[in-house]
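Residues per chain, in single letters:
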Amino acid sequence: MNNKEIGKAAVGSMLLGMVQTNCYFVYKEDGREHKPGVKYDDSTPVVFFDPADYGDKIYEALTDRGFKVDAIYLTHAHFDHIGGVKELSELSGAKVYAYEEEKKLCEDTEYNLSAAYGMNLTVKPDEFLRDGALCEAAGLQFKLIATPGHTEGSCCFYFEDDKILISGDTLFEGSVGRTDFPGGSMSTLVRSCHEKLFTLPDDVVVYPGHGGFTTIGDEKMYNSFL
């Protein structure tokens, strides 16, 4: 878990699923330790991104540490990013949000690759959002940035005040997301990175869907795919 000063956004993470997906939860740091079994009169709300699997386990782990899920957002709807959505939403009562261009992957098990693994996963977001939408949850504000390429409706979420980018499978440390799946396009992904992400400040910390975190500045300088 990466904590910042009190009042600022902090990022926690869980590594889940068969392809080791990074699931993130962002919350306003309040000085609490959030250790397992520590009980508080009120829980700290979080925004949860890409519940990859075991929604019940995510809910239990967060609750045990004094967190509650305020909202669930998806960077895209491949099977390895949505496996825990249904359970987590039902247990927490949190609404689910996705970019409007990702509707097909949310509904089509062939397109989101879950059918190939015998999972047949679908997800029904409570609301589809537009590019540039200003989102508010858990006392935080962040923006949806459409970054098609990995999928037609891939997006990132940018916390401007705290210089945090939840990048899904668009941008990785030293790499980018695959584009050989249905709806993928390498030229579109490269354009998304250059026009949408590389215009952000160099010190923005990038939290990708797989692998380690990085910064916009490092990727501009060292990412050989871009």
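Our structure's up above, just so we're on the same page.
Residues numbered from 1 in each chain as written. Predicted model: local features only at pLDDT ≥ 70, side-chain atom pairs only at ≥ 80, totals over all residues. Heavy atoms only, no water.

(A) Region of interest: the overall build of the chain. On a plain count of helices and strands, the chain comes out with six helices and 14 strands. Relative to the globule expectation of 17 Å for 226 residues, the C-alpha radius of gyration of the chain, 16 Å, shows essentially globular dimensions. Put simply, the chain has 226 residues, and 50% of those count as buried. Once local pairs closer than 6 in sequence are excluded, the contacts in the chain between residues at least 24 apart make up 61%. Counting only carbon and sulfur atoms, one obtains 46% of the accessible surface of the chain, whose full area is about 10300 Å². Across the chain, the mean location of the 21 positive side-chain charges is 2 Å away from that of the 37 negative side-chain charges. (Helix = DSSP H or I, 4+ residues; strand = E, 2+ residues; numbered from the N terminus. Rg over C-alpha atoms; globule rule 2.2 N^0.38 Å. Buried < 20%, exposed > 50% of the residue type's maximum accessible area, 1.4 Å probe, protein only. Contact = heavy atoms within 4.5 Å. Areas by Shrake-Rupley, 256 points an atom, 1.4 Å probe, with all protein chains shown as cover. Lys, Arg positive; Asp, Glu negative; His and termini not counted. Charge placed at Lys NZ, Arg CZ, Asp CG, Glu CD.)

(B) Up close: the side chain of threonine 109. Note that threonine 109 resides in the loop between α4 (103-107) and β6 (127-129). The contacts of threonine 109, once residues within four sequence positions are left out, are Ser114, Ala115, Asn120, Leu121 and Thr122.

(C) Main features of the nonpolar core. In this structure, Met14, Phe25, Phe48, Leu62, Val69 and Leu74 are the most contacted members of the largest nonpolar core, which totals 29 residues. With sequence-adjacent residues up to four places away left out, leucine 62 is seen in contact with Met14, Phe25, Val46, Phe48, Phe67 and Val69. One finds Tyr73, Leu140, Ala146 and Ile164 within the second-largest nonpolar core, a separate group that totals 26 residues. (Core = buried A, V, L, I, M, F, W, Y, C linked by side-chain atoms within 4.5 Å.)

(D) Region of interest: the pairing of strand β9 (residues 155-159). Here β9 lies mainly inside the structure; five of its five residues are buried. Here four bridges tie strand β8 (residues 140-146) to β9, and the two strands are oriented antiparallel to one another. If you follow isoleucine 145 over to β9, its bridge partner there is cysteine 156. Relative to strand β10 (residues 164-168), β9 runs antiparallel, the two sharing three bridges. (Pairing = 2+ DSSP bridges.)

(E) Summary view of helix α3 (residues 85-92). Burial in α3 covers these residues: Val85, Leu88 and Ser89. Burial along α3 is one-sided: seen end-on, the buried residues are contained in an arc of 100°. Those residues of α3 that are exposed and angled more than 90 degrees off the buried face are Lys86 and Glu90. One or two steps after α3, the chain reaches glycine 93, where phi turns positive at roughly 80°. (Arc of directions from axis to C-beta.)

(F) Seen up close, unusual backbone geometry. A positive phi angle is found at alanine 138, which is not glycine, with a value near 55°. Take alanine 138: it is sitting in the loop between β7 (134-137) and β8. For alanine 138, a relative accessible area of 7% puts it in the buried group. With a phi close to 55°, lysine 163 is a non-glycine residue in the positive phi region. With respect to the element layout, lysine 163 can be found in the loop between β9 and β10.

(G) Highlighting a nonpolar patch on the surface. Side chains of Met18, Val19, Tyr117 and Met119 sit close together on the surface and give an oily, nonpolar patch of about 370 Å² of accessible area. The topology assignment puts methionine 18 in the loop between β1 (9-16) and β2 (21-28). (Patch = residues over 30% accessible without salt bridge, like charges linked within 9 Å, V, L, I, M, F, W, Y side chains within 5 Å. Salt bridge = Lys/Arg side-chain N within 4 Å of Asp/Glu carboxyl O.)

(H) The arrangement of the packing of aromatic side chains in detail. According to the stated counting rule, one finds 16 aromatic pairs in the structure shown. Measuring from ring centre to ring centre gives 6.0 Å for phenylalanine 49 and tyrosine 73, while their planes differ by 35°; the resulting arrangement is tilted. Note that phenylalanine 49 is positioned in strand β3 (residues 44-49) and tyrosine 73 in strand β4 (residues 67-73), a separation of 24 residues in sequence. Ring geometry for phenylalanine 79 and tyrosine 117: centres 4.6 Å apart, planes at 25°, overall stacked. A residue pair is termed long-range when its members are at least 10 positions apart, and phenylalanine 79 in helix α2 (residues 79-82) and tyrosine 117 in the loop between α4 and β6 qualify at 38 residues. Under the relative-accessibility criterion, phenylalanine 79 is labelled buried at 6%. Classification of tyrosine 117 as partly exposed rests on a relative accessible area of 46%. Within the aromatic cluster, the residues linked to one another by ring pairs are Phe49, Tyr73, Tyr97, Phe142, Phe157 and Phe159. Here the basic side chain of lysine 104 rests over the ring of tyrosine 111, its NZ or CZ set 4.2 Å away from the ring centre. (Phe/Tyr/Trp six-rings, centres within 6.5 Å; stacked < 30°, edge-to-face > 60°. Lys NZ or Arg CZ within 6 Å of the ring centre and 35° of its normal.)

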